[in-house]
Amino acid sequence: QVQLVESGGGLVQAGGSLRLSCAASGRTLSSYAMAWFRQAPGKEREFVAAISWNGGSTYGDSVKGRLTISRDNAKNTVYLQVNSLKPEDTAVYYCAASGRLFTVVAGLYDYWGQGTQVTVLS
């Protein structure tokens with residue numbers, strides 16, 4: 001089993017930045033694809049970013065250019081740097097791990113964290 005714990009969320013003014021962290025325990029993540037999704041109230045879960053086991057990355061269209069996903073396998077941690085935050089970025093951000101595929105599809109991720117709330121004030 002893999003346990004994922006997100007941190008780094010909070011209240012921020014529009015235009016600000018945050019760095020979200022996802023710390024894993026239970027297994028080494030070096031062979032897993034990792035991703036961030038987000039879910040705003042009343043909306044479906046949305047793909048944000050994913051990173052493959054060897055560092056390849058892809059981003060959702062709504063956030064492209066403002067976010068950077070990275071991983072530190074030595075620390076078993078994945079990061080999401082979020083810049084130029086907008087009120088529409090307000091959501092719970094979830095970290096996910098897949099031992100099978102590098103994908104943007106939420107249903108193909110095996111493990112999920114509990115999420116961290118990001119609120120952007122206008």
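### Quick word on the pairing of strand 8 (residues 77-82)
For step 1, the next point in the chain: Burial of strand 8 is extensive: 5 of the 6 residues sit out of reach of the surface.
For step 2, the next point in the chain: As judged from the 6 bridges shared by strand 3 (residues 18-25) and strand 8, these two strands associate in the antiparallel manner. Bridge pairing in strand 8 places Leu20 opposite Leu80.
For step 3, the next point in the chain: Inspection of the sheet shows strand 7 (residues 67-72) paired to strand 8 by 6 bridges, in the antiparallel sense. Bridge pairing in strand 8 links Ser70 to Tyr79.
For step 4, the next point in the chain: Where strand 7 folds back onto strand 8 in an antiparallel hairpin, the turn is made up of 4 residues, including Asn76, whose phi is positive at roughly 55 degrees.

### Some words on the packing of aromatic side chains
For step 1, the next point in the chain: Counting across every chain of the model gives 5 aromatic pairs.
For step 2, the next point in the chain: With a centroid separation of 5.6 Å and 75 degrees between ring planes, the pair formed by Phe37 and Tyr109 is classed as edge-to-face. Of this pair, Phe37 sits in strand 4 (residues 33-39) while Tyr109 sits in the loop between strand 9 (91-98) and strand 10 (111-112), and the two are 72 residues apart along the sequence.
For step 3, the next point in the chain: Phe37 gets classed as buried once you look at its relative accessible area, which sits at 1%.
For step 4, the next point in the chain: Taking the centre distance of 5.1 Å and the plane angle of 50 degrees together, the rings of Phe37 and Trp112 count as tilted. Residue Phe37 is found in strand 4, and its partner Trp112 is found in strand 10; the two are separated by 75 residues along the sequence.
For step 5, the next point in the chain: Using a relative accessible area of 25% as the deciding quantity, one classes Trp112 as partly exposed.
For step 6, the next point in the chain: What links up through ring pairs into an aromatic cluster is the set Phe37, Phe47, Tyr109 and Trp112.
For step 7, the next point in the chain: Taking the ring centre of Tyr79 as reference, the NZ or CZ of Arg19 above it sits at 4.1 Å.
For step 8, the next point in the chain: Looking at Arg45, its charged tip hangs above the ring of Tyr94, at a distance of 4.0 Å from the centre.

About the thresholds
Residues numbered from 1 in each chain as written. Predicted model: local features only at pLDDT ≥ 70, side-chain atom pairs only at ≥ 80, totals over all residues. Heavy atoms only, no water. Buried < 20%, exposed > 50% of the residue type's maximum accessible area, 1.4 Å probe, protein only. Helix = DSSP H or I, 4+ residues; strand = E, 2+ residues; numbered from the N terminus. Pairing = 2+ DSSP bridges. Phe/Tyr/Trp six-rings, centres within 6.5 Å; stacked < 30°, edge-to-face > 60°. Lys NZ or Arg CZ within 6 Å of the ring centre and 35° of its normal.

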